[in-house]
Amino acid sequence: MENYSMMLPHYSIGADIYNKIPEFCKPYGKKIIAIGGHTAMSVARPLIDEAIAATGLEILDYVWYCGEASYENVEALQNLPQVQEADMIFAIGGGKALDTCKCLSVKAGKPVFTFPTIAATCAAVTTVAIMYHPDGSFKEPFFFLQPPVHAFINTAIIAAAPSQYLWAGLGDTIAKYYECTVSSRGDELEHYNAVGIQISRQCVEPLMKYGTKAMEDNKKQICTYELEQVILAVIVTTGIVSILITREHTSDYNSGLAHAIFYTLTTLPHFEETHLHGAVVGFGVLILLLCDNQMNEFERIYQFNQSVALPVSLEDMEITAEQMASIYPLVSSTKDVQHYPYEITVPMLQQAFAQLTARNQQN
């Protein structure tokens, strides 16, 4: 038997959960550097400051994460005196801000606590940071063993956030189940991989049950049971699955065709600036299911995407058939589909997109 360790996420969730900050953070020191997005920090800062007042904890500064999850920005942050002085990092915001801080945590050797202000990805709890080139194109996943020390999931803040982020989170979360079950098909799995893949079904079913209502509630900026269940699926369930299936620090089971489509589309000029990761991945799930001949599941997800206005066509993503066709060879050669039970070929992609076009014409 191999000797190995597994470290799973710690998290707190609720509308007043920042009150737990002293309990979980004080064992790690006193001085904090808070890093995140401008909007995210403006929302979270008053609540964080109130929660740590008179506790002995001190925020040295609130610093912008520089706008891109790149190694260049991580290095720039690491060189800041207030970062070097801090005992711990508070990562505040969405996926790119959190991933920047997670990478910084590893590089600087400082514990990181996450404060997701939207529910668009599982970045708040995972052991991988998705890194990009400075121009916004995808570079690589950066893996590590230790997840953030603790995630503070404030449902009141997330409920008040623009609903487009939860909308994108639905697409990214659904992909987890279909990608890992296809990518692992026929393999003899280690315990951690097998457990992760088995529980990945819970990345889909709560969304099918509560997703439409959760979107409605998010638009009304009210936190309901349905919205909380979807937040947990997007951030926590998907994150736990990700940690279990990336224990070997590969994307063999953590990615697949849906993500391959997104990452290759980022090579198109300005595409990544105007299209949210999860929404495009949610579209990619439809192509994955068509290529895998899962027609019943395709129809189920197609109808769900329509119910919450996730993309179901190239027109929805504002790209042409010619642009999509130009990246077919890139899709078929990405690392995301190299560990697949069959080869993803250009003719296969052409057929899948033709099937999707035919389905859209039925509407």
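An account of the accompanying structure is given in this report.

Rules of the game
Residues numbered from 1 in each chain as written. Predicted model: local features only at pLDDT ≥ 70, side-chain atom pairs only at ≥ 80, totals over all residues. Heavy atoms only, no water. Helix = DSSP H or I, 4+ residues; strand = E, 2+ residues; numbered from the N terminus. Rg over C-alpha atoms; globule rule 2.2 N^0.38 Å. Contact = heavy atoms within 4.5 Å. Areas by Shrake-Rupley, 256 points an atom, 1.4 Å probe, with all protein chains shown as cover. Pairing = 2+ DSSP bridges. Axes fitted to C-alpha atoms, helices over the stretch in contact; angles between N-to-C directions. Polar contact = N/O pair within 3.5 Å; in protein donor to acceptor, adjacent residues only side chain to side chain. Core = buried A, V, L, I, M, F, W, Y, C linked by side-chain atoms within 4.5 Å. Buried < 20%, exposed > 50% of the residue type's maximum accessible area, 1.4 Å probe, protein only. Arc of directions from axis to C-beta. Phe/Tyr/Trp six-rings, centres within 6.5 Å; stacked < 30°, edge-to-face > 60°.

### Re the overall build of the protein
Logical step 1: Counting its regular elements, the protein contains 16 helices and 8 strands.
Logical step 2: In terms of overall size, the protein behaves like a compact globule, its C-alpha atoms giving a radius of gyration of 20 Å where 363 residues would be expected to give roughly 21 Å.
Logical step 3: Expressed as lengths along the three principal axes of its C-alpha atoms, the size of the protein is roughly 65 × 50 × 40 Å.
Logical step 4: In the protein, the share of contacts with a sequence separation of at least 24, taken over all contacts with a separation of at least 6, comes to 78%.
Logical step 5: Surface summary for the protein: the accessible area is close to 15000 Å², and the carbon and sulfur share equals 51%.

### Let's talk about the sheet that holds strand β1 (residues 11-14)
Logical step 1: What the 6 strands build is an open sheet, ordered β1-β8-β5-β4-β2-β3; its pairing is parallel. Both edges of this open sheet fall to β1 and β3 (58-64), since each of them pairs with a single strand only. Strand-to-strand, the axes of this sheet are offset by a mean angle of 15°, without reference to chain direction.
Logical step 2: With 5 bridges joining them, strand β2 (residues 31-36) and strand β4 (residues 88-93) adopt parallel strand pairing. Counted as the bridge partner of Ile33 is Ile89 from β4.
Logical step 3: Its contacts with the sheet place helix α2 (residues 38-52) against β2, β3, β4, β5 (112-116) and β8 (150-154), and it is angled at close to 175° to β3.

### Some points on the side chain of Ser105
Logical step 1: Relative to the assigned elements, Ser105 resides in helix α5 (residues 95-108).
Logical step 2: A distance of 2.5 Å separates a polar side-chain atom of Ser105 from the backbone oxygen of Lys110.
Logical step 3: Look past the residues within four positions of Ser105 in its chain and what remains in contact with it is Ile89, Lys110, Pro111 and Val112.

### Some details on the nonpolar core
Logical step 1: Core analysis: the largest hydrophobic core is formed by 96 residues, its most contacted members being Ile35, Tyr178, Ile235, Leu257, Leu265, Ile287 and Met324.
Logical step 2: The residues contacting Tyr178, other than those within four sequence positions of it, are Val204, Val285, Leu288, Leu289, Gln294, Glu297, Arg300 and Ile301.
Logical step 3: Core analysis: the second largest hydrophobic core is formed by 23 residues, Ile32, Met41, Ala51 and Ile92 among them.

### Overview of helix α8 (residues 191-199)
Logical step 1: Turning to α8, its buried residues are Tyr192, Asn193, Gly196 and Ile197. Down the axis, α8 shows its buried residues gathered within 125° of arc, on one side only. Away from the buried face of α8 by more than 90 degrees, exposed residues His191 and Gln198 are located.
Logical step 2: Packed against the buried residues of α8 are α7 (163-183) and α10 (225-245).

### Description of the pairing of β8
Logical step 1: The buried count for β8 comes to 5 of 5 residues, which makes it a mostly enclosed element.
Logical step 2: On β8, burial covers both faces: His150, Phe152 and Asn154 on one face and Ala151 and Ile153 on the other are all buried.
Logical step 3: With 4 bridges joining them, β1 and β8 adopt parallel strand pairing. Its bridge partner lying in β8, Ile13 is registered against Ile153.
Logical step 4: Pairing between β5 and β8: 2 bridges, direction parallel. Across the sheet, Phe113 pairs through a bridge with His150, a residue of β8.

### Things to note about the packing of aromatic side chains
What describes a pair of aromatic rings is the distance from one ring centre to the other and the angle between the planes of the rings.
Logical step 1: All chains considered together, the criterion is met by 19 aromatic pairs.
Logical step 2: Seen in terms of ring centroids, Tyr328 and Phe353 are 5.5 Å apart; in terms of plane orientation they differ by 35°. Their pairing is tilted. With a gap of 25 residues between them, Tyr328 in helix α15 (residues 321-333) and Phe353 in helix α16 (residues 346-361) connect regions that are remote in the sequence.
Logical step 3: With centroids separated by 5.5 Å and ring planes inclined at 80°, the aromatic side chains of Tyr340 and Tyr342 adopt a geometry described as edge-to-face.
Logical step 4: With a relative accessible area of 11%, Tyr340 lands in the buried category.
Logical step 5: Exposure remark for Tyr342: the relative accessible area of 23% places this residue in the partly exposed category.

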